[in-house]
Amino acid sequence: MIGLNLSDSEDPREERIKHTCDILLSSFGLKNLLLREKPPDRKITPLVIHYGDLSLSGIWLNYVSAGGIIIAILDSYAPVIKSQSRSTPRDEVNIKDLSTESYGGYYVNRNGRRVPFYFDSVSLRDDSGSHLYFLEDGVTPVASMKKEGEGVFIKLGLDIIRSTSFLLFEKHELIEGEKDDAKFSCNEYAFLLRELMAQGCQQLGIPLVRICAWPSNKPFAVCLCHDVDWISNWRLRLFEIKKQIFRSMQLGRERKFRKAISDFLTGLLFSPKRTDMRTSIKNTITFERSLGFNSTFFFFGNTRARSFLSGDRSYVTAREASLLEHLSNLSIEIGLHGSYASYIDGPMLAAEKKALEFSGIPARGIRQHCQRFDAGETWKAQEFAGFEYDATRMDCAFCFPFEVFHSKKNPEKGRIVEIPLSLMDESMTRYPNPSILIDKRRKFLEEAKKLTDAVNSYSGVLVPLWHPFEKYRGCLSGYHEILRFISTFSPYVTTCSGLLDWWQRRSSVLVHCQRQDNGAFAVKLCATEDISNLCFAIGNLKETSRISGPLKPRLDNRPGDVYFEIATLKKGEEVLMEIGL
Ligand SMILES: [Zn+2]
């Protein structure tokens, strides 16, 4: 357990700061405990995150010099809080804050990668501790570490907590240009925090226990998603012709007449040969099954008359209900693909959910059509309709599921979990013209492979979205190629619901690592829900460390780390290990 202390004991953002801190810690399975002005017992809580300014008051300095570790993280908003009266309501992330003058910049991580951060930073050039991390200029230190008495005092001059909260819970459109850079930024902040914790613990010879992200320590997780916007091929064809006319007219206006005609003809000639949608869906599943994948199908939820931008009323007729049953019998998950206008309309989403569940199959998750999303409204509407997770956002900068915090209107903790989307087929399948398609296909596959490598390096979750039919020739074989590549890593394969269940069970695990009077460490794991194949790692070990307990180490140990797997940890049971020095 890690302590969290806020400079301002009456900080109105308290709950949100704790929640954001928990999200960062969740990537290695730890939690924080909010402290109330008083330092904790060092034996039980040897490490405290202090969020505020980078100086400590007397009692906290005593905690450090007596043998505790404090990581002080800069709160870039603290000066604003201080200057405002407590009675004024505050909208924490002020849009003006993100104008260029206070947009943070980049710091350099351990692997030399530039990582963006937002809001102001503080240089630790004059700090007497050893410098750990630098801004991209290579000379401005932003993290330092110093031994104080028996303990360690670490300072971080980057506001990784507010940056995380901003990237996950605020609209991201303002910094469109930075979007590609921002990918995985929150994972980088979590890594940075873990590194600082590891360095502090290493100084004092404290082992660091962390929970592996996935069952049996699989390298990463994969949830395949499909949007089913259309069931009827002829309706889809009409829609495509309409869309193609607009596209060709646009090309014509740009005087690209040849392209306009070739696009139009390719589209027109290809779609009649297309396999019907039910068969396409079944073929997709057969292929996925052959590689051991399972998937989630989001069915379009139009309860109103169709418009140009909407899809089929795909599940309303009895025939579609039997398709849903067929899929459900195959353990395929069914979710709702919310209609175009539904993203800010709770009652509309509730009606669409009810219509989809008409056949008796529950829809726990939702993906909004056309990536329609408003961070202030959409999660609320989805919670109103009773969904447990959303899988719409591709701009979260994080590759782990996280529980939502409504930060703008009625700031409060929500119930819905966001499962961030990693990639979608749209950028490849938009081009009917084969010569463009070939080129786009190649680029897309390269990007998909790079993305898989990145998710693998963060042990995160990869969530690809694919429309389960051959839009143009070559699209489906592209999908197959991506799946073959992913399966070479032997990842943890599940549906979105399966992922949610796993993540919630894993979040119920508590880790305690306590120093005994004889100098040894007692490690205790317990959970409030049953969980199987839970893996954990004990890191920061010395060569002389001996671990005893009911579990045998796994074979995939890395230097300094020893891995264990618990076949089943029952609710309320405890696993005890001892680390002797
Ligand atoms: Zn759609």
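Let me sum up the structure you'll find in this document.

Let's shift gears to the sheet that holds strand β27 (residues 562–569). Strand pairing in a sheet is mediated by backbone hydrogen bonds. Such pairs are either parallel or antiparallel. Overall, antiparallel pairing links the three strands, which are arranged β10-β25-β27 in an open sheet. Of all the strands in the sheet, the pair left with one neighbour each is β10 (208–211) and β27. Across the sheet, the mean angle from the axis of one strand to that of its neighbour is 25°, orientation sign disregarded. As paired elements, β10 and strand β25 (residues 531–539) share four bridges and run antiparallel to each other. For V209, the partnering residue across the bridge sits in β25 and is I538.

Time to look at the nonpolar core. Where a protein is soluble and globular, its nonpolar side chains tend to be buried together. Membership of the largest hydrophobic core comes to 151 residues, with the highest contact counts inside it found for I70, I71, L156 and C223. With eight residues, helix α6 (residues 185–204) is the largest single contributor of residues to this core. Look past the residues within four positions of C223 in its chain and what remains in contact with it is T296, I419, V461, V463, T494, T495, C496 and L499.

The next thing to look at is the pairing of strand β5 (residues 105–108). Sheet topology note: the β5/strand β6 (residues 114–117) ladder contains four bridges and is antiparallel. The residue of β6 that forms the bridge with Y107 is V115. In this antiparallel pair of consecutive strands, β5 and β6, the connection spans five residues, and G112 shows a positive phi of 85°. Here β5 runs beside strand β7 (residues 130–135); their pairing, made up of two bridges, is antiparallel. From the neighbouring strand, Y107 faces β7, where its bridge partner is L135.

Moving on, we get to the packing of helix α1 (residues 14–26) against helix α4 (residues 160–169). In the contact formed by α1 and α4, the axes pass within 9 Å of each other and the chain directions differ by 90°. With respect to α4, the axis of α1 lies roughly perpendicular. On the side of α1, the interface is formed by R16, I17, T20, C21, I23 and L24, while α4 contributes I161, T164 and S165. Here the residues of the contact of α1 with α4 sort into five nonpolar, three polar and one charged.

This part covers α4. In terms of burial, α4 is largely enclosed, as ten of its ten residues are buried. Within α4 the residues assigned to the buried category are I160, I161, R162, S163, T164, S165, F166, L167, L168 and F169.

A few words now on the sheet that holds strand β4 (residues 69–74). Strands sit in the order β2-β1-β3-β4-β9-β8-β7-β5-β6 across an open sheet of nine strands; the sheet is mixed. Two strands in the sheet have a free side with no partner beyond their single neighbour: β2 (32–34) and β6. Going from strand to strand, the sheet's axes swing by 25° on average, the running direction of each strand aside. When strand β1 (residues 2–6) meets strand β3 (residues 47–52), the two strands line up parallel, connected through four bridges. From the neighbouring strand, G3 faces β3, where its bridge partner is V48.

With respect to the element layout, D159 can be found in the loop between β9 (151–156) and α4. As for D159 and Y51, which are separated by 108 residues in sequence, their C-alpha atoms are 9.0 Å apart. With residues up to four places along the chain from it excluded, the contact list for D159 reads L74, D75, S76 and F119.

Here α4 crosses α6 at 155°, and the two axes come no closer than 10 Å. Taken together, the axis directions place α4 and α6 in an arrangement best described as roughly antiparallel. Judged by the sense of rotation from one axis to the other, the crossing of α4 with α6 is left-handed. Listed contacts from α6 to I160, S163, T164, L167 and L168 of α4 are S185, C186, Y189, L192 and L193.

With that out of the way, let us pick up helix α14 (residues 434–457). For α14, spanning 24 residues, the distance from its first C-alpha to its last is 34 Å, which sits close to the expected 34 Å at 1.5 Å a residue. Residues of α14 that are buried make contact with β19 (423–424), α13 (426–429), β20 (461–462) and α15 (475–487). Looking at the residues trailing α14, positive phi occurs at S459, about 50°.

What follows covers unusual backbone geometry. For C370, which is not glycine, the phi torsion reads 55° and is therefore positive. What makes C370 partly exposed here is the crowd of 15 C-beta atoms within 10 Å. Despite not being glycine, N540 shows a phi value in the positive range, around 65°. With respect to the helices and strands, the residue N540 is situated in the loop between β25 and β26 (546–548). When the 21 C-beta atoms within 10 Å are taken as the criterion, N540 is described as buried.

Positionally, C475 belongs in helix α15. Judged by the 20 C-beta atoms lying within 10 Å of it, C475 falls in the buried class. Between the alpha carbons of C475 and M428 there is a distance of 7.5 Å; along the sequence they are 47 residues apart. Leaving out residues up to four positions away in the same chain, C475 has contacts with D425, M428, T429 and E470.

This part takes up the environment of I49. Position of I49 among the secondary structure elements: in strand β3. I49 sits in the buried class, given 26 other C-beta atoms within 10 Å. Considering only alpha carbons, one finds I49 and A454, 405 residues apart in sequence, at a separation of 28 Å. When residues no more than four places from it in sequence are discounted, the contact partners of I49 are I2, G3, L4, C21, N32, I71 and I73.

What counts and how
Residues numbered from 1 in each chain as written. Predicted model: local features only at pLDDT ≥ 70, side-chain atom pairs only at ≥ 80, totals over all residues. Pairing = 2+ DSSP bridges. Helix = DSSP H or I, 4+ residues; strand = E, 2+ residues; numbered from the N terminus. Axes fitted to C-alpha atoms, helices over the stretch in contact; angles between N-to-C directions. Core = buried A, V, L, I, M, F, W, Y, C linked by C-beta atoms within 7 Å. Buried ≥ 20, exposed ≤ 12 C-beta atoms within 10 Å, placed from the backbone. Contact = placed C-beta atoms within 7 Å. Parallel < 35°, antiparallel > 145°, perpendicular 65-115°, else oblique. Nonpolar A, V, L, I, M, F, W, Y, C, P; charged D, E, K, R; others polar. Left-handed = near helix turned anticlockwise from the far one by under 90°. Expected span 1.5 Å × (residues − 1).

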